[in-house]
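# Inside the fold
Residues per chain are reported as follows:
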Amino acid sequence: MKAVLVIGLLLMLTGFYGLMTRRNMIKMVLSVAITEVGLQMVMITAGFIRGGTAPILTEDITELASFVDPVPQALVLTAIVIGVAVNALMLAFIIRMYGKRGSLDVRDYTDSKW
Amino acid sequence: MVTPIYIFIIALGIAFLLPLLERAKKGAAETVFLAALSGIALISWHWLFSLLTGRCEIGEIFTAGFRPPFSINLRVGMEEAVFTSAINLATLAGAVYLIRELSGRGTKSMMLYLLFVMGMNGMVLTRDIFNLFVFMEITGIASYALVALRLDTKGLTAGFKYAIAGSLASIFMLLGIIVIYMITGTLNIDSIASRMVSFSGTAAAGFVAPAVFMLVFAFMIEMKQFPANGWALDVYDSAAPGISAMISAGSAGAALFAIYKILPIAGEGWYMAAAITGSVTFVAANLIGLKQERAGRLLGYSSIGQMGLLLTVVSLGLKGSLPSWQLIAVGLFINHLLAKAGLFWLTGITGEDRIRNWGVIARRPFLLMMMGLFMAALSGFPPFPAFWSKWTLVMSMFSGGMKVWVVFILLGSLFEVAYLFRWFGYAVRGGVEDGESGDIVKGTPEKTAVIFFGAALLTAVAYYMMGKMIDNSTLMLMPLVGAAGLLLFERFDPRVRGIVSLAAVLYYGYMIIPGLSGMPLFFNSFFLGGGAIMLLATLHRRTASRGFYPMLLLMIGSLSALALSSTSLQFFYAWELMTFSSYILVLRGKKAMKPALLYMVFSAAGAYLVMAGFASAGGTVFGGAGDGIAGMSGSLQMLPFILLAAGFLVKVAGMGLHVWAPGAYAEAEDDSSAIISSILSKAGVLGFVFLFIKAGTAFTGSTYLYSTIGWIGAITAFFGALYAAMQEDAKKLLAWSSIGQVGYMILGLAAMNQIGWVAALYHSVSHFMFKGLLFLAVAGVVYRTGTRNMYEMGGLIKRMPMSFISVMIGIIALSGVPPLTGFGGKWLLYNALIERGWYLQAALAFFSSTVAFLYCFRLVHAIFLGQAKPAFRKIKEAPRSLIAAQYILIMAIMMFSMKPSILIKPIMGIVGERFDTLLTWQANTLYSPFGYWNGFAVMMVVCALFAILLVILLLISPKPQKVKQFNIVFAAERPETPETTHYAWKFFTPYERAFSGILKPAATRFWNAVGEWAEAVAAMSRHIYSGNTGAYVVQIFIFGILLFILSRGGLS
Amino acid sequence: MMEVLKQAGYSLATLMVVMNYGLLLVGLVTIIVARVHGRIGPPIWQPYINILKTLSMRTALSHGIMFYLGPVFRIVGGIGLLFFMPVVYGSSWMQNFSFAGDVILVVYFVFFGMLGMALGAAESGHPYSAIGIMRGLAQNTAAELPFALALMALAAQHQTLSITDIVAAQQGGIAHWNMITNPVATLAGMLAFFGMMMHSPFDVHLAPQEIPIGPPTEFHSSYLALMQTNRSIFHAAKLILFMNLFFGGATSIFVMVVKTFALLMVVVFAGVVFPRYRVEQSIRWFIRIPLAVGILAVVISAWK
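Keep in mind that what you see is a predicted model, and the values were worked out from it rather than measured.

## What to know about the overall build of chain C
- Counting secondary structure elements, chain C contains 13 helices and one strand.
- For chain C, the succession of helices and strands along the chain, N to C, is α-α-β-α-α-α-α-α-α-α-α-α-α-α.
- A globule of 304 residues ought to have a C-alpha radius of gyration of about 19 Å, and chain C, at 19 Å, matches this closely.
- In terms of overall dimensions, chain C has a C-alpha envelope of 60 × 50 × 40 Å along the principal axes.
- Burial status across chain C gives 65% buried among its 304 residues.
- Looking at chain C alone, contacts between residues at least 24 apart form 79% of all its contacts between residues at least 6 apart.
- For chain C, the exposed area adds up to about 10400 Å²; of that, 71% sits on carbon and sulfur atoms.
- Across chain C, the 15 positively charged side chains and the 9 negatively charged ones have centroids separated by 10 Å.

## Considerations on the interface of chain C and chain B
- Across the contact, 73 residues belong to chain C and 71 residues belong to chain B.
- Counting each side, the surface lost to burial between chain C and chain B is near 6500 Å², with a carbon and sulfur contribution of 79%.
- Considering only the side of chain C, the residues that lose the most area to chain B are Tyr68(C), Tyr108(C) and Leu115(C), jointly responsible for 11% of the buried surface there.
- Linking chain C to chain B there are two salt bridges.
- The salt bridge involving Glu280(C) is made with Arg993(B); its shortest N-O contact spans 2.7 Å.
- For the pair chain C and chain B, the number of links is 22 residue pairs in polar contact (both at pLDDT 80 or more).

## Structural notes on helix 36 (residues 935-956) of chain B
- In this model, helix 36 of chain B (22 residues) spans 32 Å end to end at C-alpha, consistent with the 32 Å of a helix rising 1.5 Å per residue.
- Within helix 36 of chain B, burial applies to Gly935(B), Ala937(B), Val938(B), Met939(B), Val941(B), Val942(B), Leu945(B), Phe946(B), Leu949(B) and Leu953(B).
- Those residues of helix 36 of chain B that are buried are in contact with helix 34 (880-898) and strand 5 (932-934) of chain B together with helix 3 (65-83), helix 4 (103-123) and helix 10 (221-246) of chain C.
- The N-cap of helix 36 of chain B, judged by a side-chain oxygen 3.2 Å from the amide nitrogen of Phe936(B) a few residues on, is Asn934(B).

## A word on the domain arrangement of chain B
Residues and elements named next belong to chain B.
- Considered domain by domain, chain B is made up of domain 1 (487-700) and domain 2 (709-959 + 967-1000).
- Once you take the C-alpha centre of each, domain 1 and domain 2 turn out to be 24 Å apart.
- On the side of domain 2, 45 residues touch domain 1, which itself brings 48 residues to the contact.
- Regarding the contact of domain 1 and domain 2, the summed buried area is about 3900 Å², with carbon and sulfur atoms giving 81% of it.
- On inspection of domain 1 and its partner domain 2, the count reaches three salt bridges.
- Across the pair Asp670 and Lys731 runs a salt bridge, and its minimum N-O distance is 2.7 Å.
- Secondary structure elements with two or more residues in the side of domain 1 that touches domain 2: helix 20 (518-537), helix 24 (638-651), helix 25 (661-667), helix 26 (670-680) and helix 27 (682-695).
- In terms of residues, the side of domain 1 that touches domain 2 owes the most to one element, helix 20, which gives ten residues.
- Per-class residue counts for the side of domain 1 that touches domain 2 are 30 nonpolar, twelve polar and six charged.

## Here we look at the interface of chain A and chain B
- With 40 residues of chain A at the interface, the matching set in chain B holds 48 residues.
- For the pair chain A and chain B, the two sides together bury roughly 3800 Å², of which 79% comes from carbon and sulfur.
- In terms of surface lost to chain B, no three residues of chain A exceed Phe93(A), Ser112(A) and Trp114(A), which account for 20% of the buried area on that side.
- Applying the counting criterion to the chain A and chain B interface returns zero salt bridges.
- Elements represented by at least two residues in the side of chain A that touches chain B include exactly helix 1 (2-21), helix 2 (25-46) and helix 3 (70-101) of chain A.
- With 16 residues, the top contributor of residues to the side of chain A that touches chain B is helix 3 of chain A.
- Here the side of chain A that touches chain B is composed, by residue class, of 27 nonpolar, four polar and nine charged.

What counts and how
Residues numbered from 1 in each chain as written. Chains lettered and ligands numbered in written order. Predicted model: local features only at pLDDT ≥ 70, side-chain atom pairs only at ≥ 80, totals over all residues. Heavy atoms only, no water. Helix = DSSP H or I, 4+ residues; strand = E, 2+ residues; numbered from the N terminus. Rg over C-alpha atoms; globule rule 2.2 N^0.38 Å. Buried < 20%, exposed > 50% of the residue type's maximum accessible area, 1.4 Å probe, protein only. Contact = heavy atoms within 4.5 Å. Areas by Shrake-Rupley, 256 points an atom, 1.4 Å probe, with all protein chains shown as cover. Lys, Arg positive; Asp, Glu negative; His and termini not counted. Charge placed at Lys NZ, Arg CZ, Asp CG, Glu CD. Buried area = accessible area lost by both parts, 1.4 Å probe. Salt bridge = Lys/Arg side-chain N within 4 Å of Asp/Glu carboxyl O. Polar contact = N/O pair within 3.5 Å; in protein donor to acceptor, adjacent residues only side chain to side chain. Expected span 1.5 Å × (residues − 1). Domains from an automatic or database assignment. Nonpolar A, V, L, I, M, F, W, Y, C, P; charged D, E, K, R; others polar.

Structure (structure tokens):
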């Protein structure tokens, strides 16, 4: 499970790096998406119990403590949904922007500044 | 009670229904949309009303049938009710404002708007931290889309930037939330807070700090803290103004509420860090705003600044350092909400983004008035909520020992005042650069109605807060009531309005003056009596003069309230009211844009000094009402004394702090100049009187402080006179003269003995009479000739003899030549100074008064004597009402000159027993320990001599031959034209040459440099907001690092 | 009422004395200057002749009401100055109306005539009048600076502003004069005195023959007569003021004549020796050494 956590954190750092260095707007959105994936992996690990079971109440459950915590899983689901929505919206913006100016370089969209 | 769950049900339900409805019936969607928003608003108002009247308890709403922490819960307490009510009100109004635009974009936009509103409500109501995240995202997604609603490149880019920043914030927030959940095992905000405490020292503690950091960092981004706020500026800049209004007013409020809930989780260590971040943002945003030329972005800077200030207040409040912080925060928030939304709305109506072109609004008096009202509210002028909040804030901060904070907050506020009123100046006086002056701004009815509604609401809240905050609020409200009442007469002829104002002042004076004594009596008689005479002079106005009389009445009323004040707050309230009204009066002048701004900035700085002075004085009551006390109260110490004195020195235009005065006095409308110079300039004198009464002479350092103020007075008198002698503009000459004359009053007061005070008060009255007289006479001349340059006039004695007599009497009184009133002031002053041992100051004052002869002569010579110009050969005497007011003043001057005792005796009574009695009367002779003066005898001797000698001259030369204007020769030359013969331009060149060493405008240069530096810093700093999203991301990370360092410092 | 009339009579008598004395002084000064120049000069009664001459002029012009009134203002200023001063200490009839005010009244009244006449001359529309007035005003105000300091030094020394009291404090021999007891203040006062007497080198505005500029060239006939009369009175009055302030006052007319004459001679000799200053030069002169001396005088006097 540590591996997942480490990979998740590395993905997040990769995403941040991409967000800071990329000038292509689609790549920026992708960076955000990568960061979010990393984050979601980190979140998943939060409720994990080694050898635990899925948090589903069935007849043969004897020990509640062996349940994996369901809350982080619920949170991750919500986060994924929100992340996808925002990314989709951003991509929609980018398409429109490209349609207006024919560029994906974020530096070409600095009309409003100072 | 209606459970607030319905807020979400209504919002979501209607949002989904809207497309169906629109399909069923065209136009139905709009109605339902507004009804839904009203329903949401009604729920929150119902809660607010019930909680206020005590009809219900705090509402805790649980979902899914479980109690927290096993379910998500909502809470409606007082704070939640206030915030949701305000937000829902603003969003409802905003929806009405936007309705055409929204429906034009189809039902989607209305759906977005509903989600936006719902998200904000959720952010305020929820007690679950993850739920908070969700609502934040809903609000966020809805606002990204709303920002880009117009589908133009600017809006889309801004939406993209906003979304990137929002995503970053949400990533950090989730990271923080998940770690916190791991440690505490709950998502309930209240449970987290209580559990967090127990983790100190355990293994989990190592995770707590990073988790909390992530969480706070995320919220700081949402709060648009400096420097991670470039994206937010671009959003305000680029979105439709109606949307910007909602984001600035609504979502900023929701974010503030969210951080208010989050900070307790973060723990006490974070309060300081958050407060510091907030104030840095406040100062930085307002500083950078100084250089802003575009309205939307300017409001963005202001919004961000306000968020910073609110964050500071909330953090310090939670820390326990600000006793009544809730009141401060709510006041600031509502003020910001309504005023900022109002200004954004106005931007939408004018459709003009460059503030230089805001002259377009000047033709719509109603919109201009609304703009002025919002400006006043945003800058914290009374009676608006921010005024009371800022006052309470500064008071609490000082009593909590947070002096440095006060400095920064006041500095930031000053910057804000500067750029806001720069904008307002353009609106009133700027005109339109591109020559598109043809098109008049026209708002749709619903937009105008919304703006009016916002203003009305702001006023209502102001009224409510005023009633809670200030003693004797009815009396204090009088000036405002008077001004508001006069607004009803705006459609009438200016003369009617003038007469109504005059009647109001007289009636008000008749009502209050009989009940007064002491200093309040003196100053009220002075302000109201003087105001009435000056009002009489304004009756010659034929132009529309919109807003002139209300503001004039407001100024006279606030001066009266100033003299009536019995608490520090009342004093400051009246002081600020006076500043604002006089600013508007100055701004009415044709070329007054820059001088008025300078006046406003200096006045605001002075007022902040005064406020800091009151704060540092602790609970000391400052005011003059009930001024029956004998002696000095001696209840002030050094620091408050210095602060207050510095504030008042700005008002009296003490040398070094005077740079605003010549322009403000000179560039106001001609009759306003008379009022401002002769009456308003005494407000500072009143301040000093009250200050010295409170301070006494017993505190540490008093000797040096009084002597410093005395020197400043003397130097002001000298330079005022010297500069006056060098002016070409008649009004500038009088303006400089006024600056100098007030210097004598300050010098007299600072002497702190009976004679000095009598001298100062006597000179106040005397200065009012002769300076009012001179300004009115000059006003008449300028009115007829259309120029203020004296060298363009000349020989007007033949055409305007009445005005000439006024000026002649005026200058004789001014120069202090016996037998007129001016001499009494001088005589008293020298006696006071000799008594005090201030011989050098006395000599300097004496020299100044001789320099005054120079400009006195120049004034009368250049205008009335010498060669008449052909252009003015046919002009008429000044308008009758101006002449009437002048001759009332002349009669007063003559009466007081003949019998000085009728003025000096009451003044001695008012100065009273505070000092050892030094002056005594024997019949008509006034004795001081050093000399004596019999004004009556002097007058008699002079009159008798004059009469006798005139008769002699009449006898020996009864009928001189009249000659024509050009019947002169010089050096055997016949004069060619009057223009080349009238010696008036650069009149005192030798004097200028001789004094060239000290005539350099050092103070003006210094303050210009200060201004330029501030602008340069602003211009440089604002380049960090490059508009590049990548750079903004980097800035967010840099901000994170800074915040981290700050929190380490804060935690240790 | 009788008191007032009596006082008025006394004052009139004083005026007569001072006026004649002043006229003779003017004549004498002209002679002295001429002798220094190696000329014989006019007779001593030349000023009387001048006044008679101007009075009998047939032409009297007027540019307007202020032009007409200017000389009246001027002579009221001169006579008033004299009237508000005690001329001879201890004399019952030469006290004039000094009960009406102290030295501050007197020094301010100096400006009454100046201002009034300036108004009159300016109405003529003659540019040179205005220039002359500008010069006079500018120079006179500058001279007031050391004078004010000297006056304050005296006030500090004697703790009074009453001229009578200042004179009283100087009685009992030359050692009690302010000249001896407060030499620095006297020096400052005397430096100012040069300017206030409007003698060379400070007479550029007075329109001496070679520079025909200033009010005296504008006014003529009876106006000029009034002004010439005033000149002698004003001269004498200022001499008396300085005598009172610094040189022990006078206990008899004889002492008064001697002292004021001596005082005038100082100025006259200085004027004969030194060339005339331009206005800005004289202002600069006043705000250097005399100013420094004046400040020193105040500091020393206040120190005691």
